[in-house]
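Residues per chain, in single letters:
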Protein chains: 2
Amino acid sequence: MEGGAAASTPAALPYYVAFSQLLGLTLVAMTGAWLGLYRGGIAWESDLQFNAHPLCMVIGLIFLQGDALLVYRVFRNEAKRTTKVLHGLLHIFALVIALVGLVAVFDYHRKEGYADLYSLHSWCGILVFVLYFVQWLVGFSFFLFPGASFSLRSRYRPQHIFFGATIFLLSVGTALLGLKEALLFKLRDKYSAFEPEGVLANVLGLLLACFGGAVLYILTRADWKRPSQAEEQALSMDFKTLTEGDSPGSQ
Amino acid sequence: MEGGAAASTPAALPYYVAFSQLLGLTLVAMTGAWLGLYRGGIAWESDLQFNAHPLCMVIGLIFLQGDALLVYRVFRNEAKRTTKVLHGLLHIFALVIALVGLVAVFDYHRKEGYADLYSLHSWCGILVFVLYFVQWLVGFSFFLFPGASFSLRSRYRPQHIFFGATIFLLSVGTALLGLKEALLFKLRDKYSAFEPEGVLANVLGLLLACFGGAVLYILTRADWKRPSQAEEQALSMDFKTLTEGDSPGSQ
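Residues numbered from 1 in each chain as written. Chains lettered and ligands numbered in written order. Predicted model: local features only at pLDDT ≥ 70, side-chain atom pairs only at ≥ 80, totals over all residues. Heavy atoms only, no water.

For chain A, the name recorded in UniProt is Transmembrane ascorbate-dependent reductase CYB561, with Pongo abelii as its organism. In its Catalytic activity section, the UniProt entry covering chain A states "monodehydro-L-ascorbate radical(out) + L-ascorbate(in) = monodehydro-L-ascorbate radical(in) + L-ascorbate(out)". The Subcellular location comment attached to chain A in UniProt states, word for word, "Cytoplasmic vesicle, Secretory vesicle, Chromaffin granule membrane". (UniProt positions renumbered as here; feature names shortened; annotations may be inferred.)

**Q** Can you help me understand the overall build of chain A in this one?
**A** In terms of helices and strands, chain A carries seven helices and zero strands. Ordering the α and β elements of chain A from the N terminus gives α-α-α-α-α-α-α. Of all 251 residues assigned to chain A, the portion counted as buried reaches 50%. Of all intrachain contacts in chain A linking residues separated by at least 6 positions in sequence, the fraction that spans at least 24 positions is 74%. As displayed, chain A has an accessible area near 11700 Å², and 69% of this comes from carbon and sulfur atoms. (Helix = DSSP H or I, 4+ residues; strand = E, 2+ residues; numbered from the N terminus. Buried < 20%, exposed > 50% of the residue type's maximum accessible area, 1.4 Å probe, protein only. Contact = heavy atoms within 4.5 Å. Areas by Shrake-Rupley, 256 points an atom, 1.4 Å probe, with all protein chains shown as cover.)

**Q** Honestly, the relation of the copies chain A and chain B in this entry has me stumped. Any pointers?
**A** The two chain copies are related to each other by a rotation about an axis together with a translation along it. When chain A is fitted to chain B, the residual RMSD is 0.0 Å, and the transformation amounts to a turn of 180 degrees plus an axial shift of 0.0 Å. Classification of the inter-copy transformation places it as that of a two-fold axis. An overlap of 100% is found between the interface residues of chain A and their copies at the interface of chain B, pointing to a shared contact surface. (Least-squares fit on C-alpha atoms with pLDDT ≥ 70 in both.)

**Q** I would appreciate a short explanation of the environment of L208 of chain B in the present structure.
**A** Residues and elements named next belong to chain B. Among the structural elements, L208 can be located in helix α6 (residues 196-220). Note: C-alpha distance between L208 and G173 (35 residues apart in sequence) is 8.8 Å. The contacts of L208, once residues within four sequence positions are left out, are L27, I62, V172, A175 and L176.

**Q** What should I look at first to understand the side chain of S154 of chain A in this one?
**A** Counting through the fold element by element, S154 of chain A comes out in helix α5 (residues 150-187). What makes S154 of chain A buried here is its relative accessible area of 11%.

**Q** Sorry, what's going on with the packing of α5 of chain A against α6 of chain B here?
**A** The relative placement of two packed helices comes down to the angle between their axes together with the axis-to-axis distance. One can describe the packing of α5 of chain A onto α6 of chain B by two numbers: an axis separation of 11 Å at closest approach and a directional angle of 145 degrees. Of the two elements, α5 of chain A crosses α6 of chain B, and the hand of that crossing is right-handed. Contacts between α5 of chain A and α6 of chain B involve Q159, F162, T166, L169 and L170 of chain A on the former and, on the latter, A209, G213, L216, Y217 and T220 of chain B. Of the residues in the contact of α5 of chain A with α6 of chain B, the class split is six nonpolar, four polar and no charged. (Axes fitted to C-alpha atoms, helices over the stretch in contact; angles between N-to-C directions. Left-handed = near helix turned anticlockwise from the far one by under 90°. Nonpolar A, V, L, I, M, F, W, Y, C, P; charged D, E, K, R; others polar.)

**Q** What is the right way to read the interface of chain A and chain B from this model?
**A** For interface size, the figure often reported is the accessible area lost on association. Listed as interface residues are 39 residues of chain A and, on the opposing side, 39 residues of chain B. For the pair chain A and chain B, the summed buried surface comes to about 3300 Å²; carbon and sulfur atoms form 75% of the total. At the junction of chain A and chain B, the tally comes to four salt bridges. Among the ionic pairs, K180 of chain B bridges to E181 of chain A, the shortest N-O distance being 2.1 Å. Applying the counting criterion to the chain A and chain B interface returns 12 residue pairs in polar contact (both at pLDDT 80 or more). Within the residue set of the side of chain A that touches chain B, elements represented by two or more residues are α4 (120-144), α5 and α6 (196-220) of chain A. Of all the elements, α5 of chain A adds the most residues to the side of chain A that touches chain B, at 12 residues. A per-class count over the side of chain A that touches chain B returns 24 nonpolar, nine polar and six charged. (Buried area = accessible area lost by both parts, 1.4 Å probe. Salt bridge = Lys/Arg side-chain N within 4 Å of Asp/Glu carboxyl O. Polar contact = N/O pair within 3.5 Å; in protein donor to acceptor, adjacent residues only side chain to side chain.)

**Q** So what exactly am I meant to see when it comes to the UniProt feature "binding site: L-ascorbate" in chain A here?
**A** Residue and element names in this part refer to chain A. Here, the residues flagged by UniProt with the feature "binding site: L-ascorbate" are K80, K84 and R153. A maximum C-alpha distance of 13.8 Å is found for the annotated residues, which run over 74 residues; spatially they form one tight group. You can see K84 is positioned in helix α3 (residues 80-112). On the basis of relative accessibility, which here comes to 11%, the residue K84 falls in the buried class. If we ignore the near neighbours within four places in the chain, the residues touching K84 are Y72, F143, L144 and R153. Examined against the element boundaries, R153 turns out to sit in helix α5.

**Q** Would you take a moment to explain the nonpolar core for this structure?
**A** Of all hydrophobic cores here, the largest spans 83 residues; its most connected members are L27 and F211 of chain A together with L27 and F211 of chain B. With 13 residues, the top contributor of residues to this core is α5 of chain A. Excluding anything up to four places from it in sequence, L27 of chain B contacts V58, I62, L204, L207, L208 and F211 of chain B. Counting 16 residues, the second-largest nonpolar core is a separate cluster that includes L61, A68 and I167 of chain A together with A209 of chain B. (Core = buried A, V, L, I, M, F, W, Y, C linked by side-chain atoms within 4.5 Å.)

**Q** What is the right way to read a nonpolar patch on the surface from this model?
**A** A contiguous nonpolar surface patch, about 720 Å² in accessible area, is contributed by W44, V85, L89, I92, F93, V96, L99, V100 and V103 of chain A. If you trace the backbone, L99 of chain A turns up in helix α3. (Patch = residues over 30% accessible without salt bridge, like charges linked within 9 Å, V, L, I, M, F, W, Y side chains within 5 Å.)

**Q** Which parts of the structure should I look at to understand the pattern of salt bridges?
**A** A side chain with one charge may pair with a side chain of the opposite charge, provided their charged atoms come close. Per the counting criterion, the structure on display carries 14 salt bridges over all chains. For K186 of chain B, the salt bridge goes to E197 of chain B, with nearest N and O atoms at 2.7 Å. Placement of K186 of chain B in helix α5 (residues 150-187) and of E197 of chain B in helix α6 is noted, with a sequence separation of 11 residues between them. Linking D223 of chain B and R221 of chain B is a salt bridge whose minimum nitrogen-to-oxygen distance equals 3.1 Å. For D223 of chain B, a relative accessible area of 24% puts it in the partly exposed group. Through salt bridges with shared partners, one network takes in R39, K186 and E197 of chain A.

Next comes the structure, spelled out in structure tokens:
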């Protein structure tokens, strides 16, 4: 239960991870189904360009971002450096896909002559994107760039984890706002007549919230945290005597 | 940093708590201002009955629920039992005020002949309310009712904390959805013309998200957790030898 150097995986963890992945893939598939069935599908060079926005955001800022957070739990017995690189790479993929989603909506607005950045969804979205980018840059400088000292890393680590989880949750909230906006703009009064599109999108919204909850649960469960590896423990002891900095503990 | 029986308060904690309270009170005041300035104020026996809904929910399920979570950090050196009772009481107040808010919207819908429970906001809202009620009942049975064993309590505690935080965050998300719904229903196309009401409500939405983030930060910061008191530590040692159950550790 207490970290340590045990290389075993907690018995229930794989089931929870599998459940989260099932939820995540269902989310992506349902977003695709919603856009295909009720919004005419996706194409870059037409009115359908808008539809690239929700799909990219669900793939990038929900599914991939969530999975990037889970890397330290799923590969808890792999070498720290490999896990770190995978964590950073997944976040880059997420960022690039989100950028495509961002370009899609701004480009669509420009072509149609719609105003930008007036809604709560757009304000939250820009906030998420900026925070995500800054978090990636700061995370890279501290954890992958070789310059940062050991004690600096261990002091920044809890902040990085808190802000990572918060940005992910804000992404889920922003997606819910966007979904709601898309429904009300199109369905208007038909929404209250339980139109099939409205019901499908409500279920999609609940699944989004469930995926957020599942990732948060796996991430925060104390006995599922990454055990500190033997090599790190030794390193930590060395540095402790040299620097009197905090031990970084388990990730 | 490590729990212990130290009765001191971390230096930065009061400032963070003060900031969260300032945010919370601003939220309540801004919700009142929004309803007063742009929605005609509040009255139970008229069309204005609807307006009781957002105000009650922001006071009950956002501000009071958030503060109930912070009780263990703010009164970290008080007797555990007193803190527990205050935690339970704040949650009851929140639940009763939320119930008034719930009655307001259902009563308003009935009088106006509107459909119930068709939107994502309403689905999330009912989910939050049911989870909140169940969490309160289970929490009461485990922690305030004298029957539950010590080891049962310590095994349930992490689940109670996780679900408490998750229900709070889902409440914030649901409030954002409700705010967005209220804006789109009334402003429609004027929302994109940066109407003052829309801008005010967007700022209110960002403050809601910030309050959620501030409460989560105070709640999750490891070195701000409640230290286990001397009496509990002694009790924990006694029980450990008797039951071989986990030590409950710090709350």
